[in-house]
Amino acid sequence: MNYRAKELQAHEAEKIKSSPECKKRFVTSYKMMLDFYGLCLVNEVTGELGRAGNWKERFAHLNSSFHNFLRITRIVKCLGELGFEHYMVKFVEFMLDEIILKGTLPNCFDSCVSFWIMVIKDDRERERLIELAIRNCDIYNGIFDENQGAATAINDDNVILEG
């Protein structure tokens, strides 16, 4: 973390949000970040994500690189601050699908539930994503049983759902 970096001020965020050129550059940067993590932006309007061609290699890296989880939290927060709230939701939905239903990123579960979901600005969307995670916790725990614990399984009692 760069401790000398200054926080984005509200007036700066507003300036970025009101500039088509800045928004375009932000989306370009977001695509680069997604590619680093093995993802791609399928639809710039909706924010729908997909797996990039390099997903297997990048998911393996992400699943073992816990230092990236804080970066992802900051990225998700930034999406909301710069007017891309719909991108926030699509990112978390995609990650929950990969973590819980596909079992490709089991080590991301705790950060996704404890942090990524919690920075979603829209209360209804945040509640919906929490419910989605809770509803599928049994599937998630089953992944660990099948994989013999790629990481320590987290049960419902250990998951922090209150922010």
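Residues numbered from 1 in each chain as written. Predicted model: local features only at pLDDT ≥ 70, side-chain atom pairs only at ≥ 80, totals over all residues. Heavy atoms only, no water.

Draft legend 1. Summary view of helix α4 (residues 67-81). Spanning 15 residues, α4 covers 22 Å between terminal C-alpha atoms, matching the ideal 21 Å at 1.5 Å per step. For α4, every residue scored as buried is listed here: Asn68, Phe69, Ile72, Thr73, Val76, Leu79 and Gly80. Along α4, the residues classed as buried sweep out an arc of 150° about the axis, all on the same side. Tucked inside the fold, the buried residues of α4 contact α2 (20-36), α3 (55-64), α5 (85-101) and α6 (109-116). One or two positions beyond α4, positive phi appears at Gly83, with a value near 90°. (Helix = DSSP H or I, 4+ residues; strand = E, 2+ residues; numbered from the N terminus. Expected span 1.5 Å × (residues − 1). Buried < 20%, exposed > 50% of the residue type's maximum accessible area, 1.4 Å probe, protein only. Arc of directions from axis to C-beta. Contact = heavy atoms within 4.5 Å.)

Draft legend 2. The packing of aromatic side chains, seen in detail. Taken as a whole, this structure holds eight aromatic pairs when the rule is applied. With centroids separated by 5.1 Å and ring planes inclined at 75°, the aromatic side chains of Phe36 and Tyr37 adopt a geometry described as edge-to-face. Residues Trp55 and Phe59 carry aromatic rings whose centres are separated by 5.3 Å and whose planes lie at 75° to one another, so their mutual orientation is edge-to-face. With Trp55 and Phe59 both in helix α3 and four residues apart, this pair spans about one turn of that helix. Exposure remark for Phe59: the relative accessible area of 2% places this residue in the buried category. (Phe/Tyr/Trp six-rings, centres within 6.5 Å; stacked < 30°, edge-to-face > 60°.)

Draft legend 3. Highlighting the nonpolar core. Of all hydrophobic cores here, the largest spans 41 residues; its most connected members are Tyr30, Phe91, Val92 and Met95. For this core, the elements supplying multiple residues, two or more each, are α2, β1 (39-41), α3, α4, α5, α6 and α7 (123-135). Broken down by element, the residue count for this core peaks at ten residues, all from α5. In contact with Phe91, other than residues within four places in its own chain, are Tyr30, Leu34, Leu39, Leu49, Ile72 and Val76. (Core = buried A, V, L, I, M, F, W, Y, C linked by side-chain atoms within 4.5 Å.)

Draft legend 4. View of the confidence of the model for the protein chain. Here the protein chain averages 85 in pLDDT, while 83% of its residues score no lower than 70. Counting interchain partners and residues more than four positions distant, the pLDDT-below-50 stretch residues 143-163 has 31 contacts. (pLDDT = per-residue confidence, 0-100.)

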